[in-house]
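# Observations on the model geometry
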Amino acid sequence: MKTIKTLTIAAAASLSLMSAASFAQSISVESSTLDGAEAKVAAVAQQQGAQYKITEANTNNRVHMTAELYK
């Protein structure tokens, strides 16, 4: 019985991780300013009904920003 309970918990944990991962999406945008890049990320997130977390921003001559969208 203890083995079945452990397997059930492991299966439930695996499914919850899979469902969370299926909603995550990484996007990259480019703009001339940080504000412009974040606005592009926000627009994509809004279009997909998601929230976002900026994971990287690089400013050389242009801004390259990467973000993770999640629901």
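Residues numbered from 1 in each chain as written. Predicted model: local features only at pLDDT ≥ 70, side-chain atom pairs only at ≥ 80, totals over all residues. Heavy atoms only, no water.

Under the annotation held in an unreviewed UniProt entry, the chain carries the name DUF1471 domain-containing protein and is attributed to Candidatus Pantoea communis.

## Comments concerning helix 2 (residues 34-47)
Test applied: Only DSSP runs of H or I reaching four residues or more are called helices, and only runs of E reaching two or more are called strands; each is numbered from the N terminus. Multiply 1.5 Å by the residue count of a helix minus one, and that product is the helix's expected span. Contact criterion: two residues are considered in contact whenever any of their non-hydrogen atoms come within 4.5 Å of each other.
If you check helix 2, its first and last C-alpha atoms are 20 Å apart, about what 14 residues at 1.5 Å a residue would give, namely 20 Å. Buried-residue contacts for helix 2 involve strand 1 (25-31), strand 2 (51-59) and strand 3 (63-70). Positive phi appears at Gly-49, one or two residues downstream of helix 2, with a value of about 65°.

## Some details on the sheet that holds strand 1
For clarity, the threshold we go by: Between any two strands, pairing holds if DSSP finds at least two bridges. Working convention: axes come from line fits to C-alpha atoms, limited for helices to the stretch in contact. Angles between N-to-C directions cover 0 to 180 degrees.
Pairing within the open sheet is antiparallel, and its three strands lie in the order 1-3-2. Two strands close off the open sheet at either side, each with one partner strand: strand 1 and strand 2. Geometrically, the sheet is characterised by an average inter-axis angle of 20° between neighbouring strands, direction not taken into account. In terms of strand pairing, strand 1 meets strand 3 through seven bridges, oriented antiparallel. Opposite Ile-27, over in strand 3, you have Ala-67 as the bridge partner.

## Examining the pairing of strand 2
A regular strand places its side chains on the two faces of the sheet in alternate fashion. For strand 2 and strand 3, the ladder comprises eight bridges, and the chain directions are antiparallel. Counterpart to Glu-56 in the pairing with strand 3 is Thr-66.

## Quick word on the nonpolar core
What counts here: As used here, the term nonpolar core means buried Ala, Val, Leu, Ile, Met, Phe, Trp, Tyr and Cys residues forming a set that is joined through side-chain atoms within 4.5 Å. Three labels apply to residues, based on accessible area from a 1.4 Å probe with only protein chains included: buried if under 20% of the type maximum, exposed if over 50%, partly exposed otherwise in between.
Counting 10 residues, the largest nonpolar core is built from Ile-27, Val-29, Ala-37, Val-41, Ala-45, Ala-50, Val-63, Met-65, Ala-67 and Leu-69. Residue assignment for this core shows that the elements contributing at least two residues are strand 1, helix 2 and strand 3. At four residues, the largest contribution of residues to this core is made by strand 3. When sequence neighbours within four positions are dropped, the list of residues in contact with Ala-45 reads Ala-50, Gln-51, Tyr-52 and Leu-69.

## A short note on the pattern of salt bridges
Using the following cut-off: A pairing counts as a salt bridge when a side-chain nitrogen of Lys or Arg comes within 4 Å of a carboxyl oxygen of Asp or Glu.
Applying the stated rule across the entire model yields one salt bridge. Put simply, Arg-62 and Glu-30 hold a salt bridge, and the shortest N to O gap is 3.9 Å. In this pair, Arg-62 sits in the loop between strand 2 and strand 3 while Glu-30 sits in strand 1, placing the two residues 32 residues apart along the sequence. With relative accessibility at 44%, the residue Arg-62 sits in the partly exposed group.

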